[in-house]
Amino acid sequence: MASQKLRGRYLDPFLDRYGRLPTLKEIDHARVARAMDAALARIVAAGDVIQVDVQTDQFVVFSDQHKGSRDGADDFSAAEQTYNRAIAYYNRMGYTLLTLGDVEELWEDRPRPVIQAYPNTFALEAQFHAEGRYQRIWGNHDDDWRYSKQVEQYLAPVYGGAPLNVREGLLVNLRNGTEQLGRLLLVHGHQGTLKSDYFADFSRNMVRYLWRPFQRLTRIPSNTPATNWRLRHSHNIAMYSWSAQQDKMLLIAGHTHRPVFESVVDDKQLQAEITAARVMLKKAPADQALKRVLGELEEELAWVQRAVRGQFALEQASHPLKPSYYNTGCCCYPDGSITGVEMVAGEIRLARWNKGDKEALREVLARASLEDVFAAC
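Residues take numbers from 1 onward in each chain, read along the sequence in its written order. The predicted nature of this model means local features are confined to residues of pLDDT at least 70 and side-chain atom pairs, given and counted, to a pLDDT of 80 or more, with totals for whole chains, interfaces and linings taken over all residues. Calculated side-chain values reflect all of the structure's heavy atoms, with hydrogen atoms and water omitted.

Undergrad: Explain the overall build of the protein chain here, please?
TA: Looking only at helices and strands, the protein chain features 12 helices and 14 strands. Long-range pairs, those at least 24 residues apart, make up 74% of the contacts in the protein chain between residues at least 6 apart in sequence. Note on areas: these come from Shrake-Rupley sampling with a 1.4 Å probe, and a residue is covered only by the protein chains present in the view. When the accessible surface of the protein chain is summed, it comes to about 16,900 Å², and 52% of that surface belongs to carbon and sulfur atoms. Numbering of helices and strands runs from the N terminus; a helix is a DSSP stretch of H or I covering at least four residues, while a strand is a stretch of E covering at least two. Note on contacts: a residue pair qualifies if any of its non-hydrogen atoms lie within 4.5 Å across the two residues.

Have a look at this one:
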């Protein structure tokens, strides 16, 4: 029975169309596409659709904070100050804050210790919610929030005010005044992955009972390339491939911890991580784990520059790249920096906040007119 389902789901379409068996990459892309189609259908059926005017409404999208319980396995602690200063700025400027999943690290911790560990951060996020400017999406590492009882028990008392709705995703109809530009789909981005979607229960237990104790002892961040950066980029490519098939739709996701703008991996973040790792290695030249991390970062950067830049998903394909896929990166880089996606004044921007001594320093890594982006989609 299982083999018949596998054949009907993945093999028959390729045999009918191409007269051959699919490659592993094609199977992976088909699996992600099916999962994204299903997620989009559920989002529409749930009525999680809003209207936004790109000239008057302001959004900032952050993902993958991975707030923990302040132990050795907590990746967010290094970026806490930067994140708090960033969202305080966006609150003053009247932005809507959209957190795109893996906001808490609930594969490693239970909800209550995490909430108790970061009262200031939760209070800052609650200010957005109190003013009706907060949208929340769950990811694989905080999928406890897909259950309303869990939200009511743990999150609702923290955020207060109106009921808090944590969604699987959000579909945004974007307009420029009276002109309809297109649609924007926001999801965490784990959809269709084997480890984080299909076998999430097994992965959760591995993280909680094996990886977390090891990470507590070694303090190795879980967002290093040790989590297999090739799989990250492979999933980014699959997500792009799905988005490129949609009509007048942009996709913003997180999950991979690598910023993507207009379907191209932004390598400035990788370069910054390499610089920070080299500084750390000068202080601890005998640290073999740090040497391994630096080597993998340099290998990843070389691969991105060689195989991805300019032809992120198509690998020198003949048809033009569509600027349809964006990724927020994450809010738990070891150097204390964070990245996110802004939508303001008719533009979409990739922003990085760097950790400063007294204040977080914001820089815009990339920007584009939303009208031009949709014209190319």
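Moving on from the coordinates now.
Undergrad: Explain helix H10 (residues 268–283) to me, please; I cannot follow it from the model alone.
TA: Since one α-helical turn is 3.6 residues long, residues separated by three or four positions face the same way. Counted at 1.5 Å a residue, the expected span for H10 with its 16 residues is 22 Å, and the 23 Å between its end C-alpha atoms agrees. Burial classes follow relative accessibility: with a 1.4 Å probe on protein chains only, a residue under 20% of its type's maximum area counts as buried, one over 50% as exposed, and anything between as partly exposed. Every buried residue of H10 is listed here: Gln269, Leu270, Ala272, Glu273, Ile274, Ala276, Ala277 and Leu281. The length a helix should cover is 1.5 Å for every residue beyond the first.

Undergrad: Just to check I follow, could you spell out the packing of aromatic side chains for this structure?
TA: Aromatic ring pairs are reported here in terms of the distance separating the ring centres and the angle at which the planes meet. Aromatic rings from Phe, Tyr and Trp, taking only the six-membered ring of Trp, are treated as a pair when their centres fall within 6.5 Å; an angle between ring planes under 30 degrees marks them as stacked, one over 60 as edge-to-face, and anything in between as tilted. Considering all chains together, one arrives at 12 aromatic pairs under this definition. Judged by centre distance (5.7 Å) and plane angle (70°), the ring pair of Phe62 and Tyr83 falls under edge-to-face. On the criterion of sequence distance, the pair formed by Phe62 in strand S2 (residues 59–62) and Tyr83 in helix H3 (residues 80–92) is long-range, its members being 21 residues apart. The two residues Phe62 and Tyr83 agree in class, both being buried. Three or more aromatic residues link up through ring pairs in this structure, and these residues are Phe62, Phe76, Tyr83, Tyr89, Tyr90, Tyr95, Tyr118 and Trp353. If you follow Lys67 out to its NZ or CZ, it ends over the ring of Phe76, 6.0 Å from the centre. Charge-over-ring contacts are defined here by two conditions on Lys NZ or Arg CZ: a distance within 6 Å of the ring centre and an angle within 35 degrees of the ring normal.

Undergrad: Is there a simple way to explain the nonpolar core in this structure?
TA: Proteins that are soluble and globular tend to have nonpolar side chains buried together. Buried Ala, Val, Leu, Ile, Met, Phe, Trp, Tyr and Cys residues that are joined via side-chain atoms within 4.5 Å together make up what is termed a nonpolar core. Core analysis: the largest hydrophobic core is formed by 33 residues, its most contacted members being Phe62, Tyr83, Tyr90, Leu97, Trp145, Leu155 and Ile338. Broken down by secondary-structure element, the contributors of at least two residues to this core are S2, H3, helix H4 (111–117), helix H5 (119–130), helix H6 (148–159), strand S12 (338–344) and strand S13 (347–354). When neighbours within four sequence positions are excluded, Leu155 is seen to be in contact with Ile115, Phe122, Arg136, Trp145, Gln150, Leu164 and Val166. Ranked by size, the runner-up nonpolar core spans 30 residues in total, among them Met239, Met249, Leu290 and Leu294.

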